[in-house]
Amino acid sequence: MTHSHHVSDELLLSYEAGSLAEGWSLAVATHLHSCPECQTRARAAASIGGAMLEAIDIAPLRAGALSAALKAIDAHPLETGESVRRPPVAGDVPAPLRRYIGPSLDTVAWRKLGTMAQQFVIPTGDSETSVRLLRIPAGTPVPEHGHRGLELTVVLRGTLVDEDDRFAVGEIEEGYDGLEHQPRAGEEGECICLAVTDAPLRFKSPLLRLLQPILKI
Ligand code: ZN
Ligand code: ZN
């Protein structure tokens, strides 16, 4: 199983259109913050989306609407300029996450999650998603689980290993409905990641299933 480690086109278009729930947006923004490649793709998506909307406004329901849209896209060449360079700031929390958890991953109010891992549930104004930080000791797996919906995971510290795929700081994993997996922290040190889901996980362990309402996962 190999992932792209970047945001999919579908998510990026929805993000630029402003139609993602707060939790998903937060994960996409956190990845974009450190990924010049996706910043360039996001500008292209915004430019295509804007041109199509303009053309649709001008020619609603007319037979030539599609060709007008395509012409408008030609008239708005994709921006391929320099990626946005942001000055480094103190602390290890990416800017989009700071108003939720502050500047440092070491001052988060961690709570136990099972025997090894810790979590911090991030409150949002969004009832569609659950947003949390996970802190996993070096070399330790998270409990094996399956997904009924989408899961976005962005690595903030260390490495997340999923089968033979390794995700470094800033990289994003998109896990889809039906995925069953057991990611683990890399051997070199603890892994902290931002994890956003829209449906309760399906744990293999009956004990974890019992504790799910308490753990809010
Ligand atoms: Zn990217
Ligand atoms: Zn998962």
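The structure we're discussing is the one just above.
If you're wondering where the values come from, they're calculated on a predicted model, not measured in any experiment.

### Here's the deal with the overall build of the chain
Check the secondary structure of the chain and you find six helices and 12 strands. Burial status across the chain gives 45% buried among its 217 residues. When contacts within the chain are restricted to residue pairs at least 6 apart in sequence, long-range pairs at least 24 apart make up 67% of them. Accessible surface for the chain amounts to roughly 11,600 Å². Of this, 59% is attributable to carbon and sulfur atoms.

### Topic: the coordination of the zinc ion (ligand 2)
Only His145 (NE2), His147 (NE2), Glu151 (OE), Glu151 (OE) and His181 (NE2) from the protein coordinate the zinc ion (ligand 2), and they sit 2.0 to 2.7 Å from it. Each donor residue of the zinc ion (ligand 2) belongs to the same chain, and together they define the spacing H-x1-H-x3-E-x29-H. Grouping residues by exposure puts His147 and Glu151 together as buried.

### Here we look at the sheet that holds strand β3 (residues 130–136)
Reading across from one edge, β1-β2-β3-β11-β5-β8 is the order of the six strands in this open sheet, with antiparallel pairing throughout. For this open sheet the edge positions go to β1 (111–113) and β8 (172–175), each flanked by a neighbour on one side alone. With strand direction ignored, the average angle separating the axes of adjacent strands in the sheet is 30°.

### A few points about the pairing of strand β11 (residues 191–197)
Most of β11 is tucked away, with seven of its seven residues classed as buried. The two faces of β11 match: Cys191, Cys193, Ala195 and Thr197 on one face and Ile192, Leu194 and Val196 on the other face are all buried. As defined by bridge partners, β3 adjoins β11 across seven bridges and the pair is classed as antiparallel. Looking across to β11, one finds that Ser130 is bridged to Thr197. The sheet contact formed by strand β5 (residues 151–157) and β11 spans six bridges and is antiparallel. Counterpart to Val154 in the pairing with β11 is Leu194.

### Here we look at the coordination of the zinc ion (ligand 1)
Of the protein atoms, only His6 (ND1), His31 (NE2), Cys35 (SG) and Cys38 (SG) coordinate the zinc ion (ligand 1), at distances of 2.1 to 2.3 Å. Taken in chain order, the donor set of the zinc ion (ligand 1) reads H-x24-H-x3-C-x2-C. Highlighted residues: His6 in the segment before α1 (9–16) and Cys38 in helix α3 (residues 36–58), separated in sequence by 32 residues. By relative accessible area, Cys38 is classed as buried at 0%.

Thresholds, definitions, all that
For every chain, the first residue of the written sequence is number 1, and numbering continues from 1 onward in sequence order. Each chain is given a letter, starting from A, and each ligand a number, starting from 1, according to the order in which they appear as written. Under the rules for a predicted model, residues below a pLDDT of 70 receive no local features and side-chain atom pairs below 80 are neither given nor counted, while totals for whole chains, interfaces and linings still include all residues. No hydrogens and no water enter the side-chain calculation; it runs on all heavy atoms of the structure. In this description a helix means any DSSP run of H or I spanning at least four residues, a strand means any run of E spanning at least two, and both kinds are numbered starting from the N terminus. When accessible area is computed with a 1.4 Å probe and restricted to protein chains, residues below 20% of their type maximum are described as buried, those above 50% as exposed, and intermediate ones as partly exposed. Residue contacts are defined here by distance: any two heavy atoms, one from each residue, within 4.5 Å place the two residues in contact. Only the protein chains shown count as covering a residue, and every accessible area follows the Shrake-Rupley method with a 1.4 Å probe. Atoms of type N, O and S within 2.8 Å of a metal are treated as its donors, and for Na, K and Ca the window is 3.2 Å; water is not considered, so some sites may appear to be missing partners. By this definition, two strands are paired if DSSP reports at least two bridges between them. The axes are straight lines fitted to the C-alpha atoms, using for helices just the contacting stretch, and the angles between their N-to-C directions are given from 0 to 180°.

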